[in-house]
2 protein chains.
Amino acid sequence: MRTIYVIGIGAGDAEQLTVQAVNAIRQVDVFFVLDKGEAKAELVRLREELLRQYADRPGHRVVHGRDPDRDRSAERYGEAVQDWRSRRADVCERLVLDELADGQVGAFLVWGDPALYDGTIGIVGDIVRRGRVELDWHVVPGISSISALAARHRIGLNQVGGAVQVTTGRRLQTELPDGVDDVVVMLDAHAAFTRLADPDLQIYWGAYVGTPDEILVSGRLGEVSDQIYAARTQAYERKGWIMDSYLLRRRAPAAGGDGT
Amino acid sequence: MRTIYVIGIGAGDAEQLTVQAVNAIRQVDVFFVLDKGEAKAELVRLREELLRQYADRPGHRVVHGRDPDRDRSAERYGEAVQDWRSRRADVCERLVLDELADGQVGAFLVWGDPALYDGTIGIVGDIVRRGRVELDWHVVPGISSISALAARHRIGLNQVGGAVQVTTGRRLQTELPDGVDDVVVMLDAHAAFTRLADPDLQIYWGAYVGTPDEILVSGRLGEVSDQIYAARTQAYERKGWIMDSYLLRRRAPAAGGDGT
């Protein structure tokens, strides 16, 4: 029997790891890393920094796999992601079989929380269902980029008794979705906030939250939209990648405040 | 100048505190606790246990305030909560003025993540806006009960590229909200999942997640709804309180899996 941990490592701040994550990392013999190419080399370095700080099991090592390319031009987003995930599962299964001995502990480290917009839980689940390798596996939750964003802006994500929707830039339309006054947008490569019709929405935006490069902007969308657009364009040009998210808030008439 | 930390302490597992939360706790002179009465005395004990484990600043102390009652019979939920919040801010402002000296560090510990269905951020913000006491204040994000639930079930909260809505039992109707296939329900005192019309929804339910009393049930809603109802009724009778949440999932036709 081999053991696998899927460990959430927070949004980029080494102090945002939980004690549980640190304790799990200390048991790990083999860390599996899928390389995504040069653009995010800085993220790879950040992760290595975490390991230097916390991984102390004698003889532990880091094994790299090649993250398969995803067909971003595909018409059918869901199918393209499914195909990509299946090929990632192939790569990961092969890594586990080749590199992890019986009785050893392996880990995948995931930015943020493994439960949000990350495929690793699904991949390990697929490997288990294929049945070629017996795994005892566990998920260690992490601080999501959403929690980190809200903490830095010192806001709640919901208004009194209200709902919050977490969605993607791709899904965001010109209005907020029905029935919610608070919408968190992730994976927004195309500045979808510029499409929104209502200039009176509040936006709480953050990039590289929790890292030294953190940028925070908040305000009335009509007033700060251009500023956010410029900030994210400049940051992308300077660093070659961006990791940002934001909350859009329509002030609920009855509420007026955050919380509970 | 006084300093206040609002610290997320996770969903009930002392190992789910982040390193940042532990480091913040170590700087604290005064922990402010609002007592909610006997029913949740167990939560108070859990929190005291955390402090025994992590709080080590010489002379640190815990100061209790009386959490004002909330009018749960009120017609207008939002207003009742607003009124309650304002009275809580009164109590907290008084505690800070009376018990925290200039230059000292105070803290409010919040279960889960302070950004979700908790009023503490709003209360401290209100105190700052009132301007009677100058505060340097910070929010330390925590593992939400949602992240903890997903980790224990080893599932993602979203399906491929899909949205997730976080809502309350009070708001849940007989169908899932429009436009989302994944809905997380919190603060559900009345087993709102029993109202849902579609027996083919998947439910991933958990109570007291991360504690020794943890209960997890998942499956097709039509098959496990009664079992969950019975489990939560029995648990409530045995312990006098319940802290549970769940994910409702409609299998998206194109997707079939969790993640990304």
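Here the structure is a predicted model, which means the values were calculated and not measured. (Residues numbered from 1 in each chain as written. Chains lettered and ligands numbered in written order. Predicted model: local features only at pLDDT ≥ 70, side-chain atom pairs only at ≥ 80, totals over all residues. Heavy atoms only, no water.)

Chemist: How do you make sense of the relation of the copies chain A and chain B when you look at a structure like this?
Modeler: Related by rotation about an axis and a shift along that axis, the two copies of the chain form a pair. Superposing chain A onto chain B takes a rotation of 180 degrees plus a shift of 0.0 Å along the axis, which leaves an RMSD of 0.0 Å. The operation mapping one copy onto its partner corresponds to a two-fold rotation axis. A shared interface surface links the copies, since 100% of the contact residues of chain A are contact residues in chain B too. (Least-squares fit on C-alpha atoms with pLDDT ≥ 70 in both. Contact = heavy atoms within 4.5 Å.)

Chemist: Which parts of the structure should I look at to understand empty space enclosed by the protein?
Modeler: Which parts of space are left empty comes out when a probe the size of a water molecule is rolled across the atoms. Tallying each qualifying case throughout the model produces one cavity of 30 Å³ or more. Its volume calculated, the largest cavity comes out at about 180 Å³. Around the largest cavity sit 16 residues that line it, and L116 and I146 of chain A together with L116, I146 and V166 of chain B are the ones nearest its centre. Only α5 (145-153) and β6 (164-168) of chain A together with α5 (145-153) and β6 (164-168) of chain B provide two or more residues apiece to the lining of the largest cavity. Across the lining of the largest cavity, the residue classes break down as 10 nonpolar, four polar and two charged. (1 Å grid on protein atoms, 1.4 Å probe; cavity = no way out; pocket = protein on both sides within 12 Å on 5 of 7 lines; lining within 4 Å. Points joined across faces, edges and corners; volume = space filled by probe spheres on them. Helix = DSSP H or I, 4+ residues; strand = E, 2+ residues; numbered from the N terminus. Nonpolar A, V, L, I, M, F, W, Y, C, P; charged D, E, K, R; others polar.)

Chemist: Explain the side chain of T18 of chain A to me, please; I cannot follow it from the model alone.
Modeler: Residue and element names in this part refer to chain A. By secondary structure assignment, the location of T18 is in the loop between β1 (2-8) and α1 (19-25). For T18, a relative accessible area of 1% gives the class buried. In this structure the side chain of T18 is engaged in a polar contact, spanning 2.9 Å, whose partner is the backbone nitrogen of A21. (Buried < 20%, exposed > 50% of the residue type's maximum accessible area, 1.4 Å probe, protein only. Polar contact = N/O pair within 3.5 Å; in protein donor to acceptor, adjacent residues only side chain to side chain.)

Chemist: What is the right way to look at the nonpolar core in this model?
Modeler: Note that soluble globular proteins tend to have their nonpolar side chains buried in a common cluster. Judged by nonpolar contacts, the single largest core of 46 residues is most densely connected at I7, I25, I203 and Y246 of chain A. Those elements that place two or more of their residues in this core are β1, α1, α2 (41-54), β4 (105-110), β7 (182-186), β8 (202-207), α6 (221-239) and β10 (244-249) of chain A. Mapping this core onto the domain boundaries places at least three of its residues in each of domain 1 (2-140) and domain 2 (145-249) of chain A. Here I25 of chain A is in contact with I7, L17, F31, L51, Y54, A55 and L109 of chain A, once residues within four sequence places are set aside. If you look at the next biggest cluster of nonpolar residues, it comprises 45 residues, including L17, V28, L172 and Y208 of chain B. (Core = buried A, V, L, I, M, F, W, Y, C linked by side-chain atoms within 4.5 Å. Domains from an automatic or database assignment.)

Chemist: What is the right way to read helix α4 (residues 120-130) of chain B from this model?
Modeler: Note that an α-helix has 3.6 residues per turn; residues three or four places apart therefore point the same way. Residue and element names in this part refer to chain B. Burial of α4 is extensive: eight of the 11 residues sit out of reach of the surface. By the burial criterion, the buried members of α4 are T120, I121, G122, I123, V124, G125, D126 and I127. Looking at the packing, one finds that the buried side of α4 touches β1 (2-8), α3 (77-99), β4 (105-110) and β5 (135-140). Backbone geometry just after α4 places G131 at a positive phi near 80 degrees.

Chemist: What is the right way to look at the packing of helix α3 (residues 77-99) of chain A against helix α4 (residues 120-130) of chain A in this model?
Modeler: The relative placement of two packed helices is expressed as an angle between their axes plus a distance between the axes. Residues and elements named next belong to chain A. Packing of α3 against α4 leaves a shortest axis separation of 9 Å and a crossing angle of 70 degrees. Regarding the angle of α3 to α4, the classification is roughly perpendicular. The crossing of α3 and α4 is right-handed. Contact residues: R85, S86, R88, A89, D90, C92 and E93 in α3; G122, I123, D126, I127, R129 and R130 in α4. (Axes fitted to C-alpha atoms, helices over the stretch in contact; angles between N-to-C directions. Parallel < 35°, antiparallel > 145°, perpendicular 65-115°, else oblique. Left-handed = near helix turned anticlockwise from the far one by under 90°.)

Chemist: Quick question: what am I supposed to make of the sheet that holds β10 of chain A here?
Modeler: Either a parallel or an antiparallel arrangement is found when strands of a sheet pair, and the pairing is made through backbone hydrogen bonds. Ordered by their spatial adjacency, 10 strands build an open sheet running β9(A)-β8(A)-β10(A)-β7(A)-β6(A)-β6(B)-β7(B)-β10(B)-β8(B)-β9(B), and the pairing between neighbours is mixed. One side of each edge strand has no neighbouring strand; the edge strands of this open sheet are β9 (215-220) of chain A together with β9 (215-220) of chain B. Ignoring which end each strand starts from, the neighbouring axes of this sheet average 15 degrees apart. Examined bridge by bridge, β8 of chain A and β10 of chain A share six bridges and lie antiparallel to one another. Within β10 of chain A, the residue paired with Q202 of chain A across the bridge is R249 of chain A. Across the face of the sheet, α5 of chain A comes into contact with β6, β7, β8, β9 and β10 of chain A while running at roughly 115 degrees to β8 of chain A. Docked against the sheet, α5 of chain B engages β6, β7 (182-186), β8 (202-207), β9 and β10 (244-249) of chain B, running at close to 115 degrees with respect to β8 of chain B. (Pairing = 2+ DSSP bridges.)

Chemist: What exactly am I supposed to notice about the interface of chain A and chain B here?
Modeler: Often, the extent of an interface is quoted as the loss of accessible area on bringing the components together. The interface of chain A with chain B comprises 56 residues on the first partner and 56 residues on the second. Both sides of the chain A and chain B interface together cover about 4,800 Å² of buried area, and 56% of this is carbon and sulfur. In this assembly, chain A and chain B are joined by zero salt bridges. Mapped onto the side of chain A that touches chain B, the elements with two or more residues apiece are α1, α3, β5 (135-140), α5 and β6 of chain A. Counting residues per element, the side of chain A that touches chain B draws most heavily on α3 of chain A, at six residues. Broken down by class, the residue content of the side of chain A that touches chain B amounts to 26 nonpolar, 20 polar and 10 charged. With three bridges joining them, β6 of chain A and β6 of chain B adopt antiparallel strand pairing. Bridge assignment links Q165 of chain A to a residue of β6 of chain B, and that residue is Q165 of chain B. (Buried area = accessible area lost by both parts, 1.4 Å probe. Salt bridge = Lys/Arg side-chain N within 4 Å of Asp/Glu carboxyl O.)

Bear in mind that shape data such as this cannot, by itself, settle questions of function.
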